[in-house]
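Overview (structure and organization)
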Amino acid sequence: MHDDPMNIERMAADMNRSMPVDRRSASDYLENGDLVFRTKDGGSCSFGASELGLVASNCTETEKIRLRLPIFVSTDASCAEGAWKIEGRTEVSVISKMLGKTPRREDYLRLYHPDLKELKKMIPGLIAVLFLP
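Since this is a predicted model, take the numbers as computed values, not measurements.

Looking at the overall build of the protein chain
A count of helices and strands for the protein chain gives six helices and nine strands. In the protein chain, which comprises 133 residues, the proportion classed as buried is 41%. Excluding contacts between residues fewer than 6 apart, the proportion of contacts in the protein chain whose partners are at least 24 apart in sequence is 54%. For the protein chain, the exposed area adds up to about 7800 Å²; of that, 51% sits on carbon and sulfur atoms.

Here it is, written out as structure tokens:
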């Protein structure tokens, strides 16, 4: 079963090897710098101060404390058309402001390909795309 090429969970785990660990708050990055985060596979990723500034400019002071970076965007299996989702009140609040979208729920924002493309253009180093079965 471990080597089964049709094992969807295993495929998703392989695609998520570069998932961020030790996510820090936006306020921590703003105060302490060191614009780098580690990944599950032992690597590290950096992002620009302009990306952090854009995110911070769309946050309240409380959101800067609560928002963990990078922001997780995951596959949304509940949508037949193929979509992405962002979950979490703070994450949804900040990203919906950045994209000019009105969320249907305060803790869930559905994104379609053009939305994800725009978000990646705005803050490429602060978006972590996760694949869920």
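A word on the pattern of salt bridges
By the definition in use, this model includes 11 salt bridges. One salt bridge in this structure joins Arg110 and Asp76, with 3.0 Å as the shortest N-O distance. Of this pair, Arg110 sits in strand S8 (residues 108-111) while Asp76 sits in strand S6 (residues 71-76); the two residues are 34 residues apart in sequence, bridging distant segments of the chain. A relative accessible area of 26% means that Arg110 is categorised as partly exposed. Asp76 gets classed as buried once you look at its relative accessible area, which sits at 4%. Close ionic contact of Glu106 with Arg89 constitutes a salt bridge, the shortest N to O distance being 2.7 Å. Within this pair, whereas Glu106 is found in the loop between helix H5 (89-99) and S8, its partner Arg89 is found in helix H5, the two being separated by 17 residues in sequence. Arg89 shares its class with Glu106; the two are exposed. Taken together, the shared-partner salt bridges in this structure form one network comprising Arg24, Asp28 and Asp34.

A short note on unusual backbone geometry
For the bond from Leu69 to Pro70, the omega torsion is 0°, close enough to zero to count as cis. Structurally, Pro70 can be placed in the loop between strand S5 (68-69) and S6. Here Asp22, not a glycine, exhibits a phi torsion of approximately 55°, which is positive. Here Asp22 shows up in the loop between strand S1 (20-21) and strand S2 (24-25). Look at Asp34: it is not a glycine, yet its phi comes out positive at around 50°. In this fold, Asp34 is placed in the loop between helix H2 (26-32) and strand S3 (36-39).

Overview of the packing of aromatic side chains
Under the criterion given, the structure shown has two aromatic pairs. Relative to Phe47, the ring of Tyr29 has its centre 5.0 Å away and its plane inclined at 80°; by these criteria the two rings are edge-to-face. One end of the pair, Tyr29, is in helix H2; the other, Phe47, is in the loop between strand S4 (44-46) and helix H3 (49-57), with 18 residues separating them in the sequence. Of the residues examined, Tyr29 reaches a relative accessible area of 1% and is grouped as buried. Accessibility expressed as a relative area gives 7% for Phe47, which makes it buried. Grouped by ring-pair contacts, the aromatic residues Tyr29, Phe37 and Phe47 constitute a single cluster.

Parameters at a glance
Residues numbered from 1 in each chain as written. Predicted model: local features only at pLDDT ≥ 70, side-chain atom pairs only at ≥ 80, totals over all residues. Heavy atoms only, no water. Helix = DSSP H or I, 4+ residues; strand = E, 2+ residues; numbered from the N terminus. Buried < 20%, exposed > 50% of the residue type's maximum accessible area, 1.4 Å probe, protein only. Contact = heavy atoms within 4.5 Å. Areas by Shrake-Rupley, 256 points an atom, 1.4 Å probe, with all protein chains shown as cover. Salt bridge = Lys/Arg side-chain N within 4 Å of Asp/Glu carboxyl O. Phe/Tyr/Trp six-rings, centres within 6.5 Å; stacked < 30°, edge-to-face > 60°.

Without other data, these values stay purely geometric and don't point to any function.
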